[in-house]
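# A look at the structure
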There are 4 protein chains.
Amino acid sequence: MNTYGDMFRVTVFGESHGKAVGAVVDGCPANLPLSEEDIQKELNRRRPGQSIFSTPRKEEDKVEILSGIFEGKTTGAPICSIVYNKNMRPKDYSAIKDTPRPGHADLTYRLKYKNYDYRGGGRASGRVTIGHVIGGAIAKKLLSYTYNIKIVGYTIKIGKIEGDFNYYKNPNIFENEKSLERLMESIESNPLRCPSMNEKDMEEYVLKAMKDKDSVGGVVEIVALNVPVGVGNPIFNKLNGELARALMSINAVKGVEIGVGFKAAEMYGSEMNDEMYFDDDKNIRFKTNNCGGILGGISCGTPIVLRIAVKPTPSIGKKQKTINLKTLENTEIEVSGRHDPVIVPRIIPVAEAMVAITLADLMIKGGFIHPCSL
Amino acid sequence: MNTYGDMFRVTVFGESHGKAVGAVVDGCPANLPLSEEDIQKELNRRRPGQSIFSTPRKEEDKVEILSGIFEGKTTGAPICSIVYNKNMRPKDYSAIKDTPRPGHADLTYRLKYKNYDYRGGGRASGRVTIGHVIGGAIAKKLLSYTYNIKIVGYTIKIGKIEGDFNYYKNPNIFENEKSLERLMESIESNPLRCPSMNEKDMEEYVLKAMKDKDSVGGVVEIVALNVPVGVGNPIFNKLNGELARALMSINAVKGVEIGVGFKAAEMYGSEMNDEMYFDDDKNIRFKTNNCGGILGGISCGTPIVLRIAVKPTPSIGKKQKTINLKTLENTEIEVSGRHDPVIVPRIIPVAEAMVAITLADLMIKGGFIHPCSL
Amino acid sequence: MNTYGDMFRVTVFGESHGKAVGAVVDGCPANLPLSEEDIQKELNRRRPGQSIFSTPRKEEDKVEILSGIFEGKTTGAPICSIVYNKNMRPKDYSAIKDTPRPGHADLTYRLKYKNYDYRGGGRASGRVTIGHVIGGAIAKKLLSYTYNIKIVGYTIKIGKIEGDFNYYKNPNIFENEKSLERLMESIESNPLRCPSMNEKDMEEYVLKAMKDKDSVGGVVEIVALNVPVGVGNPIFNKLNGELARALMSINAVKGVEIGVGFKAAEMYGSEMNDEMYFDDDKNIRFKTNNCGGILGGISCGTPIVLRIAVKPTPSIGKKQKTINLKTLENTEIEVSGRHDPVIVPRIIPVAEAMVAITLADLMIKGGFIHPCSL
Amino acid sequence: MNTYGDMFRVTVFGESHGKAVGAVVDGCPANLPLSEEDIQKELNRRRPGQSIFSTPRKEEDKVEILSGIFEGKTTGAPICSIVYNKNMRPKDYSAIKDTPRPGHADLTYRLKYKNYDYRGGGRASGRVTIGHVIGGAIAKKLLSYTYNIKIVGYTIKIGKIEGDFNYYKNPNIFENEKSLERLMESIESNPLRCPSMNEKDMEEYVLKAMKDKDSVGGVVEIVALNVPVGVGNPIFNKLNGELARALMSINAVKGVEIGVGFKAAEMYGSEMNDEMYFDDDKNIRFKTNNCGGILGGISCGTPIVLRIAVKPTPSIGKKQKTINLKTLENTEIEVSGRHDPVIVPRIIPVAEAMVAITLADLMIKGGFIHPCSL
C-alpha cells in the first residue's frame with residue numbers, strides 16, 4: 001500500500017505526469033514548530049537539475065501545506081502537503097507505452113494492475129519519492145526537536161570506485177558536533193554527495209558511462225546519531241528489520257547492511273562482539289560498533305550505521321532488447337527520456353527520509369516521544 | 001511486537017526456559033490439509049543436536065496442535081501449536097544475570113523492559129524461532145498446495161570460505177524438478193547445509209574455531225521458485241522490502257541482498273538490466289535474473305533470490321570484556337552455556353520459514369490465494 | 001488516527017477554516033471507471049445550504065482529483081481528492097477560543113493536544129466529513145460496479161416524532177428495484193430526508209426548536225442491499241462490529257443498532273430467531289430478518305439494517321453555562337456561529353459513506369473483490 | 001481475524017470441543033505483577049454451571065500461563081494462557097451437522113469457510129470468549145494498577161422487565177468507593193447479576209421461558225470509572241467507536257449505546273449538552289453526564305457509560321423450522337444440547353473484558369501507559 005508507519009504515518013500519492021504529488025503525515029504530535037521551509041529544504045536536496053548528473057526535467061518542487069498547522073505549530077491533525085507537477089511532457093513517454101523498459105517496473109505494474117499510467121513511469125517514477133521526502137522532513141524535525149537526532153547519508157562508492165571515507169574508517173568524525181557539521185557541508189558541496197578525497201575519480205567514472213549512453217550505481221552509507229537506547233522491538237519489528245524494509249522501499253536498492261554487514265560473515269565471534277565497559281562516569285560504552293547500533297533488534301546507544309546498494313539507473317540511451325506487448329514481438333528500445341545517469345546522490349535524501357520516518361514511528365510506539373503532544 | 005503478517009499472521013510466544021514455546025497462526029484459509037507431521041518435519045530441521053556444530057541441549061521439540069484443525073483440514077480458525085520445553089537448566093545462566101554477554105541482546109532487553117528473563121537468553125534466545133518455524137511450516141504447505149512454490153535455503157559461505165555453489169553459478173539446477181530434488185538432498189546431507197564441493201573445508205574451518213573457543217558466521221542463499229507474477233506492492237510494501245524485514249527478524253542477520261545485491265552497485269545499467277523476450281509460446285522471458293525475481297517491488301516470474309549475512313554466534317567460551325550491572329564494575333565473561341559454534345545451518349529453516357510466511361501473507365493480500373477457503 | 005480501513009483505506013485531512021479538506025483513498029482496485037462527478041454527486045448531498053435547516057455557510061464544495069486516475073479509470077494507485085475551503089470566517093469563532101462550547105469537542109481536543117485550531121471547531125468540525133464522503137463515494141461506486149450493492153439512508157425519527165416508515169414496517173419496498181427507486185427519490189425530495197407521511201410534523205418540530213434557539217436530534221436507518229453471504233469475520237472483526245465502529249466515527253452518533261436492535265432484548269428466542277427454508281429453486285431464505293442481515297458477525301444474504309441515534313446539534317444560540325479556560329472562571333456562552341438546527345439529514349450521506357467504506361474494505365479483505373484489478 | 005488491539009493485543013484461539021481454548025496477550029508492559037489467580041478470578045465469573053440459568057456443561061476452566069511472566073511480573077513478552085477443554089460431548093452435536101440452528105452462526109460459517117467444526121458450534125461457540133476474558137483480566141489488572149480504573153457491568157433489563165437500577169438513576173453510587181463496592185457485591189450475589197430490587201421478577205420471567213423451552217435476552221450496562229481525560233482519537237478511532245466495536249465482538253449483542261444513547265435523539269440541544277463549571281479547586285466539572293464520558297471521540301473525565309442489547313440465546317428446545325443442507329429439504333429442529341436460557345449474566349464478564357482490552361490498547365497508544373515497562 002501507500003502508507004508507511006503505524007503511529008507516525010506517511011501516506012504518499014501522485015504520479016510523475018499527474019496533477020500533483022504529495023503526502024499526508026498523520027500522527028505527528030502537536031506543538032512541533034513546522035513550516036513549509038522545513039519541508040522545502042529537504043525537497044531541494046532531492047530536486048532534479050542540481051547537477052549534470054541529474055535529469056534535466058525542470059521542476060521547482062514547491063511544497064504547499066494544506067492542513068494540520070495552526071499558529072506555526074502542528075496540532076496533532078494530519079498534515080497534507082502537495083507539490084504540483086509543472087514540467088510534464090507526456091509525449092516523451094509514448095514510446096514506452098507498449099515496450100516495457102528493461103530493469104523498470106513497467107512490465108510488473110502493467111501485469112499486476114492492467115491499467116498502467118505509463119507516462120514517465122507514472123506511479124513507479126522516482127518522482128513519487130517527493131512524498132517520502134515530505135514525510136521524512138517532518139520526521140527529521142520531530143527527531144531533531146525531541147532528541148537532537150541527526151541522520152546523515154553520503155556516497156561511499158560509485159560503480160567500482162570505492163571512496164576513502166566511511167563510518168568505520170572515521171568513526172570519530174561522528175562524535176564531534178563540529179567535525180560532523182564539516183562533513184555534512186562536504187557532502188552537500190559536490191554533485192555525487194561523496195565526502196571522499198577521490199570523489200573526482202567517481203565523477204569521471206560517471207561521465208565515461210554517460211558517453212556510452214549507460215548508467216552506474218553505487219553504495220550509500222547512512223548514519224543516525226543520538227538515537228536513545230531501547231528503540232525497536234525484540235522479535236518481529238526489530239529496528240534493523242524495519243530500517244531494512246524502509247530502505248528497500250526505495251526503487252533501485254538491492255541490498256541493505258547494518259553495522260559491518262556482510263563482513264560479519266567472515267569474522268570470528270571474538271572479533272565481531274562489541275565489548276562493553278563503564279566509562280569514568282559509569283556510563284555504558286562499547287569498544288567497537290560492529291553491530292551498527294543495534295543488538296537483538298533494539299538500539300544500544302551507539303550510532304546506527306546502514307549501507308544500501310543502489311543499482312544503476314535502468315533508463316539508458318543504449319539499445320536494449322525488450323518486447324512489444326501489443327504486437328507480441330521481440331523488439332529493441334533506446335530510452336530517450338530525461339533520466340539521471342547515476343541516481344545515487346539524489347537517493348540520499350530519500351534514504352535519510354525513510355530512516356527518519358522509521359525512527360519517528362518506532363520512537364512514538366516505543367514511548368520515547370509522546371504520541372499526542374510535545 | 002510478536003505478530004508477523006497482516007492476513008496470514010503468525011504470533012509467537014515463549015521463552016528458552018519457560019514452560020513452552022509456540023505460535024498461533026491466524027488467517028490460514030480453510031481446507032488446507034494439515035497435520036502435526038507437516039510442522040514436525042520442519043522443526044526437526046531446526047532442532048538442536050543434529051551435529052557436532054549445534055548446541056547439545058536435548059530437546060525433542062515435539063509439536064502439539066491445539067486448535068484450528070477439523071477432520072485433517074484447516075477451518076479458517078486460528079491454529080495454536082505448542083512445544084513444551086524439556087531440557088531446561090536455568091542454573092547454567094545465573095552467571096549472566098548481571099553480566100550481559102557481548103554481542104547479545106542481554107543488555108538491550110534489560111534496559112528496555114527492566115524485567116529480563118535472563119535464563120538462557122529468555123525471549124532473546126534462538127529457541128523462540130520454533131514459533132517462526134511453526135508458522136513457516138504452515139505457510140510452506142499453503143504455498144506448495146496452491147502454487148507448487150518451493151523455498152530452498154543453503155549455505156554459500158562459512159567464515160572466509162566461499163562455497164563453489166550458488167544460484168548465479170548454477171541457475172539451471174533450479175529449473176528442473178529432478179536436479180532441484182538432488183540439490184535439496186545434498187543440502188540436508190551435511191552438517192553445514194552446504195551443497196558445495198568444498199564443504200569439508202568449511203567444516204574444518206569451524207572445528208578450528210571451536211578449538212579456540214570461538215565461533216564463525218557465514219552467508220545463506222534462499223531461492224523461492226514458482227512465485228507468480230504480481231506479488232508485492234509498488235511503493236511501501238515492496239516484495240523485497242517485506243522479505244528484507246522478514247529475514248532481519250532473525251537474530252544474527254546483518255545484511256540482506258536481493259538478486260545480485262551489492263554487486264549491482266558495480267554494474268553498468270546495460271549489464272544489470274534483465275532484457276526481456278517472448279519465447280516460442282509467446283511467454284515473457286528474461287535473459288538474466290540480476291533483479292532476483294523482483295522489479296519495482298513486484299515479482300516478475302523469475303526465481304526470487306535472496307542472501308543473508310549471518311554473524312558468528314555471540315556466545316563463545318573465549319574470555320571477553322563486559323560489565324557487571326550490579327557492582328557497576330568492568331569485568332570479564334566466558335560464556336559456558338550450551339551454544340552452536342556456527343548457527344548458519346540451523347538458521348536456514350528459520351530463514352525459509354520467514355520467506356514462506358511473507359509470501360503467504362502477500363499472496364493472500366494480493367488476491368493470489370483466497371483469504372477464507374481454498 | 002485519520003485512516004479508516006485496512007485494504008480499502010481512506011485517509012482524511014483538513015480543518016474547517018484551513019486551506020482545504022480532502023481524502024486519500026488507497027486500495028481501490030484498478031479499472032474502476034471513476035470521475036469527479038461520481039464524488040461531486042455525493043458531496044452535493046452533504047453540502048451546507050441545502051435547506052433552511054442547514055448552516056448558511058456558503059461552500060460550493062467542488063472536488064478536484066489529484067492522482068490515481070488514468071484514462072477515466074482507477075490505476076490501483078492512491079486517489080487524492082481535495083476541496084478548497086472558500087467561505088471562511090475565522091473571526092466568527094474567536095469567542096470560543098477560551099470558552100469551550102458545551103456538548104462540543106472543544107475541551108477534549110484542547111486538553112489532549114494543547115494546540116487547538118478552534119476556528120470553526122477546526123478538525124472537530126462536521127466539515128471534515130467531506131473526506132468521509134469522498135471515500136464513501138468511491139466505495140459506493142466500487143460496490144455498485146462489482147455487486148450492485150445499494151446503500152440507502154433516511155430519517156425515521158426527529159426529536160420525539162417517530163416517522164411511519166422504516167425497514168421493518170415495509171421490508172418489501174427494498175425487494176423491488178422500482179419501489180426502491182421511488183423511495184430514494186422521496187428521501188431526497190424533502191429537507192429532512194424522511195420518506196414518512198408525517199415528515200411535515202417533523203419540520204414543524206424543528207422550526208419550533210429554532211425559534212427557541214435550540215436544536216433537535218433524531219434517528220437514521222441505513223439499509224445495505226445485495227451484500228453477498230460471507231462478508232465479515234467471526235470473532236473480532238465482525239461485520240456488525242466494524243459497521244458500529246464506522247458509524248460511531250461520526251460525531252453526534254450516540255447509539256447503533258443492528259436488525260431489531262434493542263428490541264431484541266425484549267424478545268423470546270423463538271420470536272427472535274430467523275427461521276430458514278429452501279425456496280422452490282433451493283435457494284436458502286429466511287422468514288424474517290430480525291438479525292438485520294448478520295449472523296455470527298458474517299452477512300447472511302438478507303438486507304443489512306442499521307440504525308443510529310443522532311444527538312441534537314450542540315451549537316445552539318440559547319444561553320449555556322461553561323467555563324473560561326483563560327480566566328478560570330465560570331461563564332456563559334451563546335453560540336452565534338453558523339450551524340444546523342438539526343444535523344440529521346446532512347449526516348445521512350456521511351453515514352452511508354461510512355457503511356460503504358466498511359463494506360468495501362471487508363469485501364476486499366474477504367476475497368469478494370480483487371484487491372488489485374477488476 | 002482473531003486479534004484485537006494494536007498495542008495491547010489479544011489473539012484468541014480454540015474451539016468448543018477442541019483440545020484447548022486460550023489467548024496470547026501481547027503488548028502488556030513489563031513489570032505488571034500478574035499471576036494465574038488474576039485470570040482465574042475472572043474466568044470463574046464466566047464459567048458455566050454457576051446457576052440454574054447457565055448450561056450444565058461441567059468445566060473447571062482452569063487457566064495455565066505458558067509464557068511472559070518472570071518472578072511474578074510481566075516481562076513485556078507475549079503471555080500465552082490456555083484452558084484445556086474437559087467436558088466435551090461431540091456426539092451431542094451430530095444432529096446439527098447438516099441442519100443449521102436458527103439464529104446461530106452455523107450457516108454463515110459453513111458457507112464462508114466450507115469446513116465447519118460444528119461440534120458445539122466450534123469456533124462460534126460462546127466458549128471461545130474464554131480468550132476474551134483472559135485478555136480482559138490482564139487488561140483490567142493493568143488499568144487498575146496504573147490508573148485505578150474500575151469496570152463494572154450489570155443487568156438492567158431481562159426480557160420486558162426493566163430493572164430499577166441504572167447509572168442515570170443513581171450516578172452518585174459510582175462516585176463513592178464504599179457504595180461502589182457494595183454495588184459490586186450486590187451484582188455478584190444473584191444469578192442474573194442484577195442489582196435491582198425487582199431482580200426476583202426477572203428470575204421468574206426466565207423460569208417461565210425455560211418451561212416453554214424458550215430463552216430470553218436483556219440489557220447490560222457497563223460503567224468505566226477513573227478513565228483520564230484524553231483517551232481516544234478524534235476522527236476514526238474514537239473511544240466510542242472502538243468500544244462499540246469491542247462490544248459488538250460479542251455474539252448476541254445487537255445494539256450499543258453510549259451515555260443516554262437513543263434517548264439523545266429525543267432531547268433538545270439545551271437538554272443534552274453537559275454544561276461545564278469549575279469547582280472550588282478549579283477542577284473542570286460537568287453538571288450532567290449525558291455524553292457518557294466521551295466528547296468528540298475523546299474521554300472527558302466523567303464515567304464512561306455503555307449499554308448493550310443482548311438477544312435471547314438462539315439455542316432453544318422449542319421446535320423451529322430450518323433446512324437440511326445435505327438433503328436440501330426443509331425440516332425442523334429442537335436444539336437439545338446444553339445451553340443457557342439467558343446468556344445475559346455470563347456475558348457481563350466478557351463485556352467488561354472487551355471494554356478493558358479496548359481501554360488498555362487506547363491508553364497505551366495515547367501515551368497514558370508506557371508501552372514497554374511500568
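Since we're looking at a predicted model, the values are computed, not measured. Every residue gets a number counted from 1 within its own chain, in the order that chain's sequence is written. Key to labels: chains lettered from A, ligands numbered from 1, both in the order written. The predicted origin of the model limits local features to residues at a pLDDT of at least 70 and limits the giving and counting of side-chain atom pairs to 80 or more, whereas totals for whole chains, interfaces and linings rest on all residues. Each side-chain value is worked out from all heavy atoms of the structure, with water and hydrogens disregarded.

### A word on the relation of the copies chain C and chain D
Least squares is the method used to superpose the copies, on C-alpha atoms of residues holding a pLDDT of at least 70 in both. For the match of chain C to chain D, the screw axis carries a shift of 0.0 Å, the RMSD comes to 0.0 Å, and the turn is 180°. Taken together, the rotation and translation describe the operation of a two-fold axis. In this description, contact between two residues means that some pair of their heavy atoms is separated by no more than 4.5 Å. Interface residue correspondence from chain C to chain D reaches 100%, placing this contact among same-surface, isologous pairings.

### Overview of the sheet that holds strand β9 (residues 161–162) of chain A
Strand pairing in a sheet relies on backbone hydrogen bonds, with the paired strands running either antiparallel or parallel. Read from one edge of the open sheet, ten strands run β9(A)-β8(A)-β10(A)-β16(A)-β11(A)-β11(B)-β16(B)-β10(B)-β8(B)-β9(B), paired in antiparallel fashion. The open sheet has two free edges, formed respectively by β9 of chain A together with β9 (161–162) of chain B, since each of these has just one partner strand. We call two strands paired when DSSP finds no fewer than two bridges between them. Secondary structure is summarised from DSSP: a helix means a run of H or I of at least four residues, a strand means a run of E of at least two, and numbering begins at the N terminus for each. Here five bridges tie strand β11 (residues 253–258) of chain B to strand β16 (residues 304–310) of chain B, and the two strands are oriented antiparallel to one another. By the bridge assignment for β16(B), G255(B) is matched with A309(B). Seen against the sheet, helix α4 (residues 177–188) of chain B touches β8 (150–158) and β10 (218–225) of chain B and runs at an angle of roughly 50° to β8(B). Axis lines are fitted to C-alpha atoms, over the contacting stretch for helices. Their N-to-C directions set the angle, which ranges from 0 to 180 degrees.

### Points about the relation of the copies chain B and chain C
Between chain B and chain C, which share one sequence, the superposing operator has a rotation angle of 180° and an axial displacement of 0.0 Å; the RMSD is 0.0 Å. Most of the interface of chain B is mirrored in chain C, where 100% of its interface residues again form contacts.

### Comments concerning the interface of chain B and chain C
Residue-level contacts link seven residues of chain B with seven residues of chain C. Basic side-chain nitrogens of Lys or Arg form a salt bridge, by our definition, when they fall within 4 Å of a carboxyl oxygen of Asp or Glu. Counting across the chain B and chain C interface gives zero salt bridges. Polar contacts, as used here, are pairs of N or O atoms within 3.5 Å; protein pairs need one atom able to donate a hydrogen and one able to accept it. Residues neighboring in sequence count only if both atoms are side-chain atoms. For the pair chain B and chain C, the interface holds zero residue pairs in polar contact (both at pLDDT 80 or more). Split by residue class, the side of chain B that touches chain C holds three nonpolar, three polar and one charged. Charged means Asp, Glu, Lys or Arg here, nonpolar means Ala, Val, Leu, Ile, Met, Phe, Trp, Tyr, Cys or Pro, and polar covers whatever is left, Gly included.

### Notes on the UniProt feature "binding site: FMN" (unreviewed entry) in chain A
UniProt positions are given in the numbering used here, feature names are shortened, and annotations may be inferred rather than shown by experiment. Mapped onto this structure's residue numbering, the UniProt feature "binding site: FMN" (unreviewed entry) falls at R123(A), A124(A), S125(A), N251(A), A252(A), G296(A), K311(A), P312(A), T313(A), P314(A), S315(A) and R338(A). Topologically, R123(A) is positioned in the loop between α2 (106–113) and α3 (129–147). What R123(A) contacts, discounting residues up to four positions off in sequence, is N2(A), V12(A), F13(A), G14(A), E15(A), Y109(A), D117(A), V128(A), I235(B), A77(C) and P78(C). At 2.9 Å, the side chain of R123(A) and the side chain of N2(A) are in polar contact. Mapped onto the fold, P312(A) is located in the loop between β16 (304–310) and β17 (320–324). Ignoring anything within four residues of it in the chain, the contact list for P312(A) reads S215(A), V216(A), G217(A), A264(B), M267(B), Y268(B), G269(B) and M272(B).

### Concerning the pattern of salt bridges
Inspection of every chain in the model, using the stated rule, returns 111 salt bridges over all chains. A salt bridge links K319(B) to E332(B); the nearest nitrogen and oxygen atoms lie 3.9 Å apart. Here K319(B) is found in the loop between β16 and β17 (320–324), whereas its partner E332(B) is found in strand β18 (residues 329–333), with 13 residues between them in sequence. Accessibility here uses a 1.4 Å probe with only protein chains present; expressed as a share of the type maximum, an area under 20% marks a residue as buried, one over 50% as exposed, and anything in between as partly exposed. Since its relative accessible area comes to 52%, K319(B) is described here as exposed. D279(D) is the partner of R285(D) in a salt bridge, and the nearest nitrogen-oxygen pair spans 2.9 Å. Taking relative accessible area as the criterion, R285(D) reaches 39% and is therefore assigned partly exposed. Exposure remark for D279(D): the relative accessible area of 16% places this residue in the buried category. Here the salt bridges share partners, and the residues they tie into one network are E42(A), R45(A), K140(A), E188(A), R193(A) and E352(A).

### Here we look at the interface of chain C and chain D
Between chain C and chain D, the contact holds 105 residues from the first and 105 residues from the second. Summed over both sides, the interface between chain C and chain D buries roughly 8,400 Å², with carbon and sulfur atoms accounting for 62% of that surface. Notably, a salt bridge pairs R245(C) with E242(D), separated by 2.9 Å at the nearest N-O pair. Connecting chain C to chain D are 46 residue pairs in polar contact (both at pLDDT 80 or more). Of the residues contributing to the side of chain C that touches chain D, the split by class is 52 nonpolar, 31 polar and 22 charged. Across three bridges, the pairing between strand β11 (residues 253–258) of chain C and strand β11 (residues 253–258) of chain D is antiparallel. Counted as the bridge partner of V256(C) is V256(D) from β11(D). Summed over both partners, the accessible surface that disappears when two parts come together, traced with a 1.4 Å probe, is what is meant by buried area.

### Looking at the pairing of strand β7 (residues 79–84) of chain C
Residue and element names in this part refer to chain C. Burial of β7 is extensive: five of the six residues sit out of reach of the surface. Where strand β3 (residues 20–26) meets β7, six bridges bridge the pair, whose relative direction is antiparallel. Considered in β7, the bridge of V25 is made with I79. Summarising the sheet, strand β4 (residues 63–65) and β7 pair through three bridges and their orientation is antiparallel. When the bridges of β7 are listed, E64 appears paired with I82.

### Considerations on the sheet that holds strand β2 (residues 9–14) of chain A
Residues and elements named next belong to chain A. Here five strands make up an open sheet; going across it, the order is β1-β2-β3-β7-β4 and the pairing antiparallel. The outermost strands of the open sheet, each flanked by one partner alone, are β1 (3–4) and β4 (63–65). Relative to strand β3 (residues 20–26), β2 runs antiparallel, the two sharing six bridges. Within the sheet, the bridge partner assigned to T11 lies in β3 and is V24. Contacts from helix α1 (residues 36–46) reach β4 and β7 (79–84), with the element oriented near 150° to β4.

### Quick word on the side chain of R346(B)
Residues and elements named next belong to chain B. For R346, the position within the fold is in helix α8 (residues 344–365). Given a relative accessible area of 11%, R346 falls into the buried group. A polar contact of 2.9 Å, which involves the side chain of R346, links it to the side chain of D340. In contact with R346, other than residues within four places in its own chain, are R46, R47, P48, Q50, S54, T55, R193 and D340.

### Notes on the nonpolar core
Membership of the largest hydrophobic core comes to 355 residues, with the highest contact counts inside it found for F8(A), F8(B), F8(C) and F8(D). When near neighbours in sequence (up to four residues on either side) are disregarded, F8(B) contacts V25(B), D26(B), G27(B), C28(B), G135(B), I138(B), A139(B), L142(B), I357(B), A360(B), D361(B) and I364(B). Counting 32 residues, the second largest nonpolar core, distinct from the first, contains Y167(C), V152(D), A265(D) and A309(D). Definition used in this section: a nonpolar core is a set of buried Ala, Val, Leu, Ile, Met, Phe, Trp, Tyr and Cys residues joined via side-chain atoms within 4.5 Å.

### A closer look at the environment of K160(D)
When you line up the elements, K160(D) lands in the loop between β8 (150–158) and β9 (161–162). Once the C-alpha coordinates of K160(D) and Y205(D) are considered, the two residues, 45 residues apart in sequence, prove to be 8.8 Å apart. Here K160(D) is in contact with E266(C) and Y205(D), once residues within four sequence places are set aside.

### A short note on helix α2 (residues 106–113) of chain D
For α2(D), a buried count of six out of eight residues is recorded, marking the element as mostly surrounded by other parts of the structure. Of all the positions in α2(D), only D106(D), L107(D), T108(D), Y109(D), K112(D) and Y113(D) are classed as buried. On its buried face, α2(D) is in contact with β12 (276–278), β13 (284–286), β14 (294–295) and β15 (298–299) of chain C together with β17 (320–324) of chain D. Remark: K114(D) follows α2(D) within two positions and exhibits a positive phi of approximately 60°.

### Examining the side chain of N237(B)
Position of N237(B) among the secondary structure elements: in the loop between β10 and α6 (239–248). The class for N237(B) is buried, based on a relative accessible area of 13%. Polar side-chain contacts of N237(B) include one of 2.8 Å to the side chain of E242(B). The residues touching N237(B), leaving out its near neighbours within four places in the chain, are M1(A), T3(A), R245(A), G232(B), E242(B) and L362(B).

### Examining helix α3 (residues 129–147) of chain C
Residues three or four positions apart in an α-helix share a direction because the helix packs 3.6 residues into each turn. Residue and element names in this part refer to chain C. Multiplying one less than the number of residues by 1.5 Å gives the expected span of a helix. With 19 residues, α3 should cover 27 Å at 1.5 Å per step; its first-to-last C-alpha distance of 26 Å lies within 8% of that length. Judged by how many residues are buried, α3 sits mostly within the fold: 14 of 19 residues are covered. Looking at the residues trailing α3, positive phi occurs at N148, about 55°.

### Some details on the UniProt feature "binding site: NADP(+)" (unreviewed entry) in chain A
Residue and element names in this part refer to chain A. Mapped onto this numbering, the UniProt entry annotates "binding site: NADP(+)" (unreviewed entry) at R46. Given a relative accessible area of 3%, R46 falls into the buried group. When sequence neighbours within four positions are dropped, the list of residues in contact with R46 reads D61, G126, R127, T129, I130, V133, R346, P349 and V350.

### A few points about the packing of aromatic side chains
Working definition: a ring pair exists when centres of Phe, Tyr or Trp rings (six-membered ring for Trp) sit within 6.5 Å. Plane angles under 30 degrees give stacked, over 60 give edge-to-face, the rest tilted. Summed over the entire model, instances satisfying the criterion amount to 42 aromatic pairs over all chains. Relative to F165(B), the ring of Y154(B) has its centre 5.4 Å away and its plane inclined at 65°; by these criteria the two rings are edge-to-face. You can see Y154(B) sitting in strand β8 and its partner F165(B) sitting in the loop between β9 and α4, a full eleven residues away along the chain. For Y154(B), a relative accessible area of 0% puts it in the buried group. Relative to Y116(D), the ring of Y109(D) has its centre 5.6 Å away and its plane inclined at 50°; by these criteria the two rings are tilted. Assessed through its relative accessible area of 4%, Y109(D) is described here as buried. Among the aromatic side chains, those forming a connected cluster through ring pairs are Y154(A), F165(A), Y167(A), Y168(A) and F174(A).

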